[in-house]
Amino acid sequence: MSEREQYGFDHYDALIFDMDGTLVDSMPLHLDAWELTCAEFGIPFEREQLYQYGGIPTRKIIAMLAEQQGLTVDVEAFTRRKIALYMAHIDKVSVFPKMWELVRHYHGKVKMGIGTGSPRSQADSILKSTGLDAYISVVVSADDVTNHKPHPDTFLQVAERLGANPANCLVFEDTRIGLEAGKAAGMDTVLVIEGDLHQR
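Each chain carries its own residue numbering, running from 1 in the written order of its sequence. Restriction of local features to residues with pLDDT of at least 70 applies here, the model being predicted, together with a cutoff of 80 or more for giving and counting side-chain atom pairs; totals for whole chains, interfaces and linings are based on all residues. Note that the side-chain values use all heavy atoms of the structure and ignore hydrogens as well as water.

Caption draft 1: Quick peek at the sheet that holds strand 3 (residues 138-140). In this scheme, strands are said to pair when DSSP sees at least two bridges between them. Helix numbering and strand numbering both begin at the N terminus, where a helix is a DSSP run of H or I of at least 4 residues and a strand a DSSP run of E of at least 2. The six strands lie next to each other as 3-2-1-4-5-6, forming an open sheet whose pairing is mixed. Across the chains shown, the open sheet's two edge strands, defined by having one partner strand only, are strand 3 and strand 6 (196-197). Note that strand 2 (residues 111-115) and strand 3 share three bridges and pair parallel. Counterpart to G113 in the pairing with strand 3 is V138. For this analysis, residues touch if any pair of their heavy atoms sits within 4.5 Å. Angles here are taken between N-to-C directions and fall from 0 to 180 degrees, while the axes themselves are lines fitted to C-alpha atoms, restricted in helices to the stretch in contact. Contacts from helix 6 (residues 97-106) reach strand 1 (14-17), strand 2, strand 4 (169-173), strand 5 (188-193) and strand 6 within the one sheet, and its direction differs from that of strand 1 by about 150°. Contacting strand 4 and strand 5, helix 9 (residues 176-184) runs over the sheet at an angle of about 165° to strand 5.

This is the structure in structure tokens:
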């Protein structure tokens, strides 16, 4: 099978990637930081539930959890602690091998961008430490939009910055919320699990 047949994405205006859990294997580190912070703040923690919230900024997730559980939480203090724990290990983040192949294959052929629920500082650190910054220059982070996933704003802004027609963009995502955001943006979507492409 040729590389073109293997992927078949040449006809798209742009390929738009979620970052955490899709392009890079960072979700275990995020969840470890969540688990420690939840323990410190006395908040029940469910790893699977937290994974499904991937793409939503930390402060929004903790506010939702507190409301669901009827708890009072210092959202800003929680967010600072969780981010600090995560950033302490950010250099361990790596790109999924098959996603690296895909990015390298389409570099210079199809426009590529990233739409992430992570803050700009985290995104920039990961792109620089992994070398992805040499391949993908357009990044829309949680700091760049008000309405985060599952709203379409993140992906629509990536398409706008790339000069791409949203109706001819393909979104790569690892969570239901992310896939919903891509579909809400009028884009095609593909599910990525542990760096492998699944159903479209």
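Caption draft 2: Structural detail: the side chain of T116. Relative to the assigned elements, T116 resides in the loop between strand 2 and helix 7 (120-130). Every residue in contact with T116, bar those within four places of it in the chain, is listed here: D18, M19, D20, A123, V139, V140, S141, A142, K149 and T154.

Caption draft 3: Layout of the nonpolar core. Nonpolar core, defined: a set of buried Ala, Val, Leu, Ile, Met, Phe, Trp, Tyr and Cys residues in which side-chain atoms within 4.5 Å join the residues together. Think of it in three bands: residues with accessible area under 20% of the maximum for their type are buried, residues over 50% are exposed, and the middle band is partly exposed, with areas taken using a 1.4 Å probe on protein chains only. Ranked by internal contacts, the top residues of the largest apolar core, which has 34 residues, are F9, L15, F17, L23 and F172. Sorting the residues of this core by element identifies strand 1, helix 2 (27-41), helix 5 (75-87), helix 6, strand 2, helix 7, strand 4 and strand 5 as the ones contributing at least two each. A total of five residues in this core trace back to one element, the largest contributor, which is helix 6. The residue makeup of this core includes at least three contributed by each of domain 1 (3-25 + 93-198) and domain 2 (27-91). The residues touching L15, leaving out its near neighbours within four places in the chain, are F9, L102, Y106, V110, K111, M112, G113, L170 and F172. With 16 residues, the next largest nonpolar core counts L31, I43, L50 and Y51 among its residues. Note: domain ranges come from an automatic or database domain assignment.

Caption draft 4: Focus on the domain arrangement of the protein chain. Splitting the protein chain by domain gives domain 1 (3-25 + 93-198) and domain 2 (27-91). Contacts between the two partners involve 19 residues from domain 1 and, on the opposite side, 18 residues from domain 2. Here domain 1 and domain 2 share an interface that buries about 1500 Å² over both sides, 56% of which is from carbon and sulfur atoms. Here the buried area means the combined drop in accessible surface, using a 1.4 Å probe, for two parts upon being joined, counting both sides. On the domain 1 side of the contact with domain 2, V93, Q122 and I177 bury the most area, a combined 32% of that side's loss. Any Lys or Arg side-chain nitrogen found within 4 Å of a carboxyl oxygen on Asp or Glu counts as a salt bridge. Scanning the region where domain 1 abuts domain 2 turns up zero salt bridges. Under the rule applied, a polar contact is a pair of N or O atoms within 3.5 Å (in protein, one hydrogen donor and one hydrogen acceptor; residues adjacent in sequence only if both atoms are side-chain atoms). Between the two partners, domain 1 and domain 2, sit six residue pairs in polar contact (both at pLDDT 80 or more). For the side of domain 1 that touches domain 2, the secondary structure elements donating two or more residues are helix 7 and helix 9. For the side of domain 1 that touches domain 2, the element with the highest residue contribution is helix 7, accounting for four residues.

Caption draft 5: Broad picture of the pairing of strand 1. Residues of strand 1 alternate between two faces, with A14 and I16 on one and L15 and F17 on the opposite face, all of them buried. Across four bridges, the pairing between strand 1 and strand 2 is parallel. Bridge pairing in strand 2 links L15 to M112. In the sheet, strand 1 pairs with strand 4 via four bridges, with the strands oriented parallel.

Caption draft 6: Broad picture of unusual backbone geometry. Cis geometry marks the peptide bond from K149 to P150, where omega comes out at 15°. Looking at the secondary structure, you find P150 in the loop between strand 3 and helix 8 (153-162). In this model, E194 sits at a positive phi of 50°, which is unusual for a non-glycine residue. Position of E194 among the secondary structure elements: in the loop between strand 5 and strand 6.

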